[in-house]
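# A structural walkthrough
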Amino acid sequence: MTYCSFCGKEEADGDHAFCRQRLSMIDPPRYCSECARRMVVQVTPDGWAARCSRHGLITSCP
């Protein structure tokens, strides 16, 4: 099961086009896509970092 990184709901539940649009533009993910836990997000001038307590860190930088 996968979850939307913006709203935290299951990907299969409804249309997440708005969520994908927001994530592609400026907003960092707020929920882990693997477990739907709320992540700790830090936004800096260079990008963002989001940490899930179970699945670790993801960043906007490669």
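Residues numbered from 1 in each chain as written. Predicted model: local features only at pLDDT ≥ 70, side-chain atom pairs only at ≥ 80, totals over all residues. Heavy atoms only, no water.

## Digging into the pairing of strand S2 (residues 47-52)
Stated formally: Between any two strands, pairing holds if DSSP finds at least two bridges. Secondary structure elements follow DSSP: runs of H or I no shorter than four residues count as helices, runs of E no shorter than two count as strands, and numbering proceeds from the N terminus.
Of the strand pairs in this sheet, strand S1 (residues 40-44) and S2 are connected by 5 bridges, and their pairing is antiparallel. Paired with Thr-44 across the strands is Gly-47, a residue of S2. Where S1 folds back on S2, the antiparallel hairpin that results is connected by 2 residues. Pairing geometry for S2 and strand S3 (residues 56-59), over 4 bridges, is antiparallel. Each residue of the ladder has a partner; that of Ala-49, found in S3, is Thr-59.

## Re the environment of Cys-61
The test is simple: Here the term buried applies to any residue with accessible area under 20% of the maximum for its type, exposed to any over 50%, and partly exposed to those in between, with areas from a 1.4 Å probe on protein chains only.
Considering the arrangement of structural elements, one finds Cys-61 in the segment after S3. A relative accessible area of 44% places Cys-61 in the partly exposed class. Sequence separation between Cys-61 and Cys-7 is 54 residues, and the spatial gap between their C-alpha atoms is 22 Å.

The values are spatial; any link to function lies outside them.
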